[in-house]
Amino acid sequence: MRFFTSKPDAIPSPAEALPGRSSPIMVPGTHRVLDTPIAGPWPEGTKTAIFGLGCFWGDEKDFWQVPGVVTTAVGYAGGHTPNPTYEEVCSERTGHAEVVLVAYDPSKTSYERLLKTFWEAHDPTQGMRQGNDRGTSYRSIIIVADDEQRAAAEASKAMYQKQLSAKGYGEITTEIVDAATNPFYYAEDYHQQYLDKNPRGYCPNHATGVKLPDDFAVTPLQYVD
């Protein structure tokens, strides 16, 4: 993990970004905790969501603990360099953020429930950082798969802004971008389920303590405890 420097944080243009490579940097395997394939195939009806909220090690754990989640994986998205490495992303020359891919069963949980986890697990007002982790890779970002996800993400952002403003926080800096133009690339194997492999590993909590109203995540479904 990188810490504060005097270096300005800016997303490079496509022309400035590193060239990357045509082949993936890893072969996705099986989730260590959920025992499911992190790249599929998944049960029919499974949906996916992608979120970036700082260091992806702790973030992935937050999501794999949500009832109804089929699998999770960490990776890179929101930038320009194809199939980047961790070192390339940390150089701030790819434009990517550290993100978590979440595959979930919509009969057991909802996208809104995942959004609630996202907002409440970090401080979305910090710009290009989370706490002492600073850089473009630590920015807050939601990558939406379709218009339905975008509508839910935008609505939750507006609702959470009201809650944050009431507690004295500034403006949310979270980006909401389309998956069609922001592909997900799997991170190296040693990053996958890192906190299961390293239970005492680096896991900062940057949550504000501000809650997204519970009724935003309510659906007619009965969640599994």
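Note: the structure precedes this text.
The structure presented is a predicted model; accordingly, all values stated were derived computationally and were not measured.

Our focus in this paragraph is the overall build of the protein chain. Counting secondary structure elements, the protein chain contains five helices and eight strands. Its C-alpha atoms give the protein chain a radius of gyration of 17 Å, within 12% of the compact-globule value 17 Å for 225 residues. When the backbone C-alpha atoms are referred to their principal axes, the protein chain occupies close to 45 × 45 × 40 Å. Per-residue burial over the protein chain gives 49% buried out of 225 residues. Partitioning the intrachain contacts of the protein chain with sequence separation of at least 6 by distance along the chain shows that 81% fall at a separation of at least 24.

With that settled, the discussion passes to unusual backbone geometry. The omega torsion of the bond from G40 to P41 falls at 5°, within 30 degrees of zero and hence cis. Relative to the assigned elements, P41 resides in the segment before β1 (47–53). Positioned with a positive phi, D35 is a non-glycine residue whose angle comes to about 55°. Taking the relative accessible area as the measure of exposure, D35 reaches 61% and is therefore exposed. Although it is not a glycine, E92 adopts a positive phi angle of roughly 65°. Checked against the element boundaries, E92 lands in the loop between α2 (86–90) and β3 (97–104).

Turning to the pairing of strand β6 (residues 140–144), a few remarks are in order. On any regular strand, side chains alternate: one points to one face of the sheet, the next to the other face. Counting buried positions along β6 gives five out of five residues, so the element sits mostly inside the fold. With four bridges connecting them, β1 and β6 associate as antiparallel partners. Of the residues in β6, the one forming a bridge with G52 is I141. Relative to strand β7 (residues 175–178), β6 runs parallel, the two being bridged by four bridges. By the bridge assignment, V144 is partnered in β7 with D178. One crossover worth recording links β6 to the parallel β7 by way of helix α4 (residues 147–166), and it is right-handed.

Enumeration over the complete set of coordinates arrives at eight aromatic pairs. Judged by centre distance (4.9 Å) and plane angle (85°), the ring pair of F184 and Y186 falls under edge-to-face. Like F184, the residue Y186 is buried in the burial classification.

Once that is clear, we can look at the nonpolar core. In terms of nonpolar packing, the biggest core is built from 37 residues, with F51, F63, Y111, L114, L115, W119 and I142 touching the most fellow members. It is helix α3 (residues 111–120) that provides the largest number of residues to this core, a total of five residues. Core analysis: the next-biggest nonpolar cluster, separate from the first, contains 13 residues, I38, V99, L101 and Y186 among them.

Next up on the list: the pattern of salt bridges. Across all of its chains, the model carries eight salt bridges by this definition. Here D196 and R32 are joined by a salt bridge, their closest N and O atoms 2.9 Å apart. Linking D196 in helix α5 (residues 194–197) with R32 in the segment before β1, this pair joins segments that are 164 residues apart in sequence. Exposure remark for D196: the relative accessible area of 30% places this residue in the partly exposed category. Looking at R32, the relative accessible area reads 48%, which means it is partly exposed. Between K197 and D189 there is a salt bridge, with its nearest N and O atoms 3.9 Å apart. A relative accessible area of 29% means that K197 is categorised as partly exposed. Linked by salt bridges that have partners in common, K116, E120 and K211 make up one network.

The next subject is the packing of α3 against α4. The interhelical angle for the contact between α3 and α4, taken along N-to-C directions, is 40°, at an axis separation of 10 Å. The angle between the axes of α3 and α4 places the two elements in the oblique class. As α3 runs across α4, the sense of the crossing is right-handed. The residues of α4 that touch α3, namely those facing Y111, E112, L115, W119 and E120, are Q149, A152, A153, S156, K157 and Y160.

Conventions and cut-offs
Residues numbered from 1 in each chain as written. Predicted model: local features only at pLDDT ≥ 70, side-chain atom pairs only at ≥ 80, totals over all residues. Heavy atoms only, no water. Helix = DSSP H or I, 4+ residues; strand = E, 2+ residues; numbered from the N terminus. Rg over C-alpha atoms; globule rule 2.2 N^0.38 Å. Buried < 20%, exposed > 50% of the residue type's maximum accessible area, 1.4 Å probe, protein only. Contact = heavy atoms within 4.5 Å. Pairing = 2+ DSSP bridges. Right-handed = clockwise from strand over helix to strand, strands pointing away. Phe/Tyr/Trp six-rings, centres within 6.5 Å; stacked < 30°, edge-to-face > 60°. Core = buried A, V, L, I, M, F, W, Y, C linked by side-chain atoms within 4.5 Å. Salt bridge = Lys/Arg side-chain N within 4 Å of Asp/Glu carboxyl O. Axes fitted to C-alpha atoms, helices over the stretch in contact; angles between N-to-C directions. Parallel < 35°, antiparallel > 145°, perpendicular 65-115°, else oblique. Left-handed = near helix turned anticlockwise from the far one by under 90°.

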